[in-house]
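A closer look at the structure
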Amino acid sequence: MRRNPKRNLQDGCGSGILARAAAGWKPGPLFMLLVLAATSSAVTPDDAQRIARERLWHRQPLHPASLDLREELDVEINRLLDRYDANGRLQPSYFSIGITGSWILHGYPGEQAYILADALAFLPSNTQARVKAYLYDELRARDPTTIGFEHCDWGWGACELTGNRREYFTIPTSPNPDPIAPNLWPAPTVQPEGLYMIWRYCDRSGDWAFISDHAPPVGERWNRIHAMFHAIPDPPTRYGHLAAAIGYARILEHYGLTNGPPYSTALDRIHAGMVAGTDFSVWVDDSYETFLFGTHDWAWTPFHYLRNQNAVGAMLAPEVGRFLGEFAYSNVYRRTTFNPREGEPGEDYAVESIWNGWYLTRGPYAPLIAWMGYYGENHMVTPDTPWALFMTRAWVYGESGDELRRWLDVPYSIGDLFHLQRLTATIGAYSDPVWSAVQPPALRAEDGEAGLIRIIASGAVHGLYAIDQSTNLIMWQSVITNAGPEVIVTHPLDGPGMFFRARAAP
Amino acid sequence: MVFAAGFACGDWPQLQFDGANRGFSSGQRIRTGVHADRTTSGGYGPESWGWTNRWLAGQPVVGNGKVIVGSMTNRVFALDETSGVLVWSTDVGAPVLNSCAVVDGRVVVATQGGTVWALSAVDGETIWSVSFSRHGFAAAPTVVGGRIFVGAKDGRFHGIDLETGSVVWSFEVGGSEDMGADRAAILCTAAVMDGRVFFGAENMHAYGLDTETGARIWRRGITGQSFVFGDPVGSNDERAGITFAAGWAVASEQHGGVVIFRTQPIYAPPWLLDSEETFLEQATGTNWMGNPLGTTNEWIVEQRAISQRLAGNPSRRTLWALEPATGEDKYSLPLPVLWTSGSGHAGTPPVVDDESGRAWVTLRTVYARLDSGSIVRPYGDLVNLHLDFDPAIYTNPSAGRLGFEPFPCAAPPDCIAVYGDVHKVSDEGEVLTGCANALISTTWVSDGGYDLESGQTFNVRYYSSDDLGGAPLYGAAAGAVLANGRVILRDTTGIKSYAAEP
């Protein structure tokens, strides 16, 4: 495993432009991709803005080497949906960890929404439609701005373990005389990380009405989204906070609210978080203190936002992985994969180097290293720990699809969201990922001759992409050189769902 | 008897010795020494050779004069059985998570990458290979009658011709011939007996298939979280290898035939332990400090209570004794076997000596002989399990039979050992193997055993000076291999060979 040079590629572009649609056709923003090679050891405000604004795209056609994984993704998601159709909403997942107790996984509604929405790009159209319909209903029934984690009531006997199950095994539940009852009291509150998940769901699914169908947005949900952002400490103290601020900024961008204090505050918060989070070791240790200290437990928690009260929540956004790859790579690598000075005084063992079965479903747990407080004995490895290591390889190291495939293994359950995320990241890694900004409003598009769209862009446009609106995949691209202050491009309308993005150079 | 053909009688050709996973090599004897507290002077030895490799996986196997073991670093190694010298190693392209098998001069390997290999036991050269899906294999191959049986993590179970590598049949868990069950990984190593092959899938069903056709004979839903147990091994001073070892089915010819599975409990172990401790004390009216050995009548009271508790709370069952022909319960009440192992792992299936009609297993009893620990350790013990016993007898209050017998204590009070003694408490996920005169227990904490003739424990190695990890912990939880006058252990540092007798 070596650092992917692509992680050094940066887009130094300035503002973007948006096209307006021709009558009867829904346009999207246009953007331009300009690639510059640049790295920096200190995070500047420009760095923070760049990472906050640039999104991960994948090109069409998808790489044939990922075909089996796409089929697997389709099968696994349809299993989830079939179970939903047959018996109703899927409950969170239960996992007995060993001597430490038991955990509830996938209990935050936003987690399922963003992971499934992320998979949309790689699913056939019929499954896409099922996923969108499922999530549309789910999010309106289980609002991630109000539900922090599936929870029923006080005390033992939580009803999270009743209902439609993800596990392959049967859980004895009340009124069984011998029920399993992890205690989720007090109820976990909504965490800021939901902001990123909600943005990603809305963006990938197109269901922006979930937040608001007004521009500017209004309503109680919109107010709660603001409150979620203001729950992020200044400076942020964990990587999920960074993602949350990015998600918030992108929600503001979608609604064109980029000129007011909320947007600049979000960018400032992102920068402050990146400055603070550049020292990966500090935040790793903080996460241990927060989630594991004093427990007889072992896990790898830098990307967690919940891991107490029997509730597990974790998220590593691609943008955060990119930030770590650019500004904290060696630190991440030393703590996660291999530390050439491990064993020396004051030096940590990297997680993977002491735990060679880290990627195995129901695999062995990590060995003890001097029985450090959080390296406890007697537990099973919970699914969130291999997930954290896998996503580090995917988003921080930028490993190839062939490399990530080695670490996929198999799901713990039906609707194992950690496994679905691994599959999606691996398929994406095969698909020539591109980072590029979205800066609406930008271009305008007009009807051209029959069957053609005419795109008029201002500025030195260097790249133009046609995006499939339902999958967010890049359908075609055009590189424009020597562009003047305005460029006009005509292109066949390949499908009604296409929209265009481009971006001007500074 | 059903043993894999094609190996010398003193070999250990596959995981847990034979195709039925009995784990018992009746042709071997070892020195057990005398009971010794926290010393390493009691049992077999001395060490005759050692070979260092921290990335090994599974239980070593012995055949063709070689000790053969796979590794997490994509290689299979063959060591000279007498000297420990590396004879060959072969790159199989992906990690090997479990044991190999060596039968008819062929080393059979199933990899995490999804390929089954047959290598020459002489030089490691490839004879054939066959590739399956990317999901790979966690189970060890079982070889019986010229056929390889192995389940994959994509839910498919395969019968493969040992000679040619051709796939004779495949059965898909949750597939068209298994409607009504979820497709799920197979992590469990299969057992073969009398034309049937038995395994468990992670959909928590046990299966019995026809070895010739792969047709499903029966399917049986059982409780538990998984069939897997991960070997808990580690080191506090150097990088340590870890192995992945799924559970296995064990088949026995006793009492008309029985197939046994153990599963990882659904319950969180601390709660389970506390709950069962309370239950045992209430059921027996005693506790571990008050009456550590008990009488036969007291054992009966306890065992009756356990069987009835399991019958009333089936989700607590983690040992399943099934009819090989039908998958139905072998007995009309559950065997009085409570979950044990403080690690949260599944207890391992019994060691079975079908020639003498004996079996042994770890379980929880208030009359266990160990130890001075608290919460986790009390009540775990190794016992003689009676497979010719139906717990229904407990419905008769005057019944005088036992489902299991704790080991006799030859010299009280030494039977109440201190913490440092060999962990017959089964606290740490032990793997048991056996030979004519002894059972051998290997855990990540200690190695030792039980003299079947004297009933006394013996120690070989103890890996930690205290329970706080003050010394390295690098135990061997893969099971001791008894082959050709040697005891061969894999721990996190590599392979060690001991003379079985002085």
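In this text, all values refer to a predicted model and were calculated from it rather than measured experimentally. Along each chain, residues carry numbers from 1 onward, in the same order as the chain's sequence is written. Labels are handed out in written order, letters beginning with A for the chains and numbers beginning with 1 for the ligands. It should be noted that, the model being predicted, local features are given only for residues of pLDDT at least 70 and side-chain atom pairs only at 80 or more, the latter also being counted only at that level, while totals for whole chains, interfaces and linings use all residues.

1. Some remarks on the overall build of chain B
We apply this condition: Only DSSP runs of H or I reaching four residues or more are called helices, and only runs of E reaching two or more are called strands; each is numbered from the N terminus. Neighbour counting defines burial: a residue surrounded by 20 or more other C-beta atoms within 10 Å of its own C-beta is buried, one with 12 or fewer is exposed, and intermediate counts give partly exposed, using backbone-placed C-beta atoms. Placing C-beta atoms from the backbone, we regard two residues as in contact once those atoms come within 7 Å.
In terms of helices and strands, chain B carries 2 helices and 34 strands. Within the span of chain B, comprising 502 residues, buried residues form 63% of the whole. In chain B, the share of contacts with a sequence separation of at least 24, taken over all contacts with a separation of at least 6, comes to 61%.

2. Quick word on the overall build of chain A
From N to C terminus, chain A includes 15 helices and 16 strands. Put simply, chain A has 506 residues, and 56% of those count as buried. The contacts of chain A with a sequence gap of at least 6 include a subset with a gap of at least 24, amounting to 75%.

3. Things to note about the packing of helix H10 (residues 318-327) of chain A against helix H13 (residues 384-396) of chain A
Residues and elements named next belong to chain A. The line we're drawing: For helices, the axis comes from a line fit to the C-alpha atoms of the stretch in contact; other axes are also lines fit to C-alpha atoms, and the angle between any two N-to-C directions lies between 0 and 180 degrees. Should an angle fall under 35 degrees it is taken as roughly parallel, and over 145 as roughly antiparallel, whereas 65 to 115 is taken as roughly perpendicular and any remaining angle as oblique. Residue classes follow a fixed rule: Ala, Val, Leu, Ile, Met, Phe, Trp, Tyr, Cys and Pro count as nonpolar, while Asp, Glu, Lys and Arg count as charged, and any other residue, Gly among them, counts as polar.
The contact between H10 and H13 brings their axes to 8 Å, and the two run at 70 degrees. When the axis of H10 is compared with that of H13, the two are roughly perpendicular. Contacts between H10 and H13 pair Pro318, Gly321, Arg322, Leu324 and Gly325 from the former with Met391, Ala394, Trp395 and Val396 from the latter. Looking at side-chain class alone, the contact of H10 with H13 contains 6 nonpolar, 2 polar and 1 charged residues.

4. Topic: the nonpolar core
Quick note on the threshold: Here, a nonpolar core means buried Ala, Val, Leu, Ile, Met, Phe, Trp, Tyr and Cys residues linked by C-beta atoms lying within 7 Å of one another.
Formed by 253 residues in total, the largest nonpolar core has its most connected members in Ala191(B) and Ala249(B). Tallying contributions element by element places helix H7 (residues 239-254) of chain A first for this core, with 10 residues.

5. Some details on the sheet that holds strand S2 (residues 47-52) of chain B
Sheets are built from strands that pair by backbone hydrogen bonding, the pairs being arranged parallel or antiparallel. Residue and element names in this part refer to chain B. The condition that has to hold: A pair of strands is considered paired only if DSSP assigns at least 2 bridges between the two.
Here 4 strands make up an open sheet; going across it, the order is S2-S34-S33-S32 and the pairing antiparallel. Either end of the sheet is taken by a strand with one partner, and the two such strands are S2 and strand S32 (481-483). Neighbour to neighbour, the strand axes of the sheet diverge by 20 degrees on average, direction disregarded. Across 5 bridges, S2 lies against strand S34 (residues 494-499) in antiparallel orientation. Residue Glu47 lies in a different strand from S34, and its bridge partner there is Tyr498.

6. Regarding the confidence of the model for chain B
Definition in use: By definition, pLDDT measures how confident the predictor is in each residue, and it falls between 0 and 100.
With 80% of its residues at a pLDDT of 70 or more, chain B shows a mean pLDDT of 84. In this model residues 230-241 of chain B is a low-confidence stretch, pLDDT under 50, and it forms 66 contacts with partners more than four residues away in sequence or in other chains.

7. So, the sheet that holds strand S9 (residues 115-120) of chain B
Residues and elements named next belong to chain B. Taken together, 4 strands build an open sheet; the order of strands is S7-S8-S9-S10 and the sheet is antiparallel. Looking at which strands have only one partner, the edges of the open sheet turn out to be strand S7 (101-103) and strand S10 (126-131). Adjacent strand axes in the sheet meet at a mean angle of 15 degrees, parallel and antiparallel pairs treated alike. The sheet contact formed by S9 and S10 spans 5 bridges and is antiparallel. Its bridge partner lying in S10, Thr115 is registered against Ser131.

8. Let's talk about the packing of H7(A) against helix H8 (residues 261-277) of chain A
Residues and elements named next belong to chain A. Applicable threshold: Should the near helix be turned anticlockwise from the far one by less than a right angle, the crossing is left-handed, and should it be turned clockwise, the crossing is right-handed.
It is at 9 Å that the axes of H7 and H8 come closest, and there the two elements cross at 160 degrees. In terms of their interaxial angle, H7 and H8 are classed as roughly antiparallel. Considering only the axes of H7 and H8, their crossing is left-handed. Packed against H7, whose contacting residues are Tyr239, His241, Leu242, Ala245, Ile246, Tyr248, Ala249 and Leu252, the element H8 presents Pro262, Tyr263, Ala266, Leu267, Arg269, Ile270, Gly273, Met274 and Gly277 at the interface.

9. Looking at the environment of Thr326(B)
All names here are of chain B. Among the secondary structure elements, Thr326 is positioned in the loop between strand S23 (319-322) and strand S24 (351-353). According to the C-beta neighbour criterion, Thr326 is exposed, with 12 such atoms within 10 Å. Taking C-alpha positions, Thr326 is 17 Å from Leu387, a pair spaced 61 residues apart along the chain.

10. Let's talk about unusual backbone geometry
That bond from Asp234(A) to Pro235(A) is cis: its omega, 0 degrees, falls within 30 degrees of zero. If you trace the backbone, Pro235(A) turns up in the loop between helix H6 (220-230) and H7. A positive phi angle, close to 55 degrees, is found at Asn64(B), a residue other than glycine. By the C-beta count within 10 Å, which is 22 here, Asn64(B) ends up buried.

11. Quick word on helix H5 (residues 194-205) of chain A
All names here are of chain A. Applied cut-off: Take the residue count of a helix, subtract one, and multiply by 1.5 Å to get its expected span.
For H5, which comprises 12 residues, the first-to-last C-alpha distance of 16 Å matches the rise-based estimate of 16 Å (1.5 Å per residue) to within 8%. In terms of residue burial, H5 counts as a mostly covered element, since 12 of its 12 residues are buried. Taken as a whole, H5 has its buried residues at Gly194, Leu195, Tyr196, Met197, Ile198, Trp199, Arg200, Tyr201, Cys202, Asp203, Arg204 and Ser205. Considering only its buried residues, H5 is in contact with helix H3 (109-119), helix H4 (125-141), H6 and H7. Two residues or fewer past H5, Gly206 is found with a positive phi of approximately 80 degrees.

12. Re the pairing of strand S16 (residues 196-201) of chain B
All names here are of chain B. Most of S16 sits inside the fold, with 6 of its 6 residues counted as buried. Burial along S16 is two-sided: Arg196, Phe198 and Gly200 facing one way and Val197, Phe199 and Ala201 facing the other are all buried. The pairing of strand S15 (residues 191-193) with S16 spans 3 bridges and is antiparallel. Bridge pairing in S16 links Val192 to Val197. Remark: 2 residues form the turn of the hairpin made by S15 and S16, two consecutive strands paired antiparallel; Asp194 in that turn has positive phi of roughly 50 degrees. Sheet topology places S16 next to strand S17 (residues 205-210); 6 bridges connect them, and they run antiparallel. When the bridges of S17 are listed, Phe199 appears paired with Tyr207. What sits between S16 and S17 in their antiparallel hairpin is a turn of 3 residues, with Met204 showing a positive phi close to 60 degrees.

13. Focus on the environment of Leu382(B)
All names here are of chain B. Within the secondary structure, Leu382 is located in strand S26 (residues 380-385). The exposure class of Leu382 is buried, given the 29 C-beta atoms found within 10 Å. C-alpha separation for the pair Leu382 and Cys188, spaced 194 residues apart in sequence, amounts to 23 Å.

14. Quick notes on the environment of Asn384(B)
Residue and element names in this part refer to chain B. Mapped onto the fold, Asn384 is located in strand S26. On the basis of neighbour counts, which here come to 18 C-beta atoms within 10 Å, the residue Asn384 falls in the partly exposed class. Once the C-alpha coordinates of Asn384 and Leu402 are considered, the two residues, 18 residues apart in sequence, prove to be 9.9 Å apart.

15. A few points about the pairing of strand S7 (residues 101-105) of chain A
Residue and element names in this part refer to chain A. For S7, a buried count of 5 out of 5 residues is recorded, marking the element as mostly surrounded by other parts of the structure. In terms of strand pairing, strand S6 (residues 93-98) meets S7 through 5 bridges, oriented antiparallel. Each bridged residue has a counterpart across the sheet, and for Phe95 the counterpart in S7 is Trp103.

16. A closer look at the confidence of the model for chain A
When pLDDT is averaged along chain A, the result is 79, and 72% of the positions lie at 70 or above. In the predicted structure, residues 481-486 of chain A sits below a pLDDT of 50 and forms 8 contacts with residues beyond four places in sequence or in another chain.

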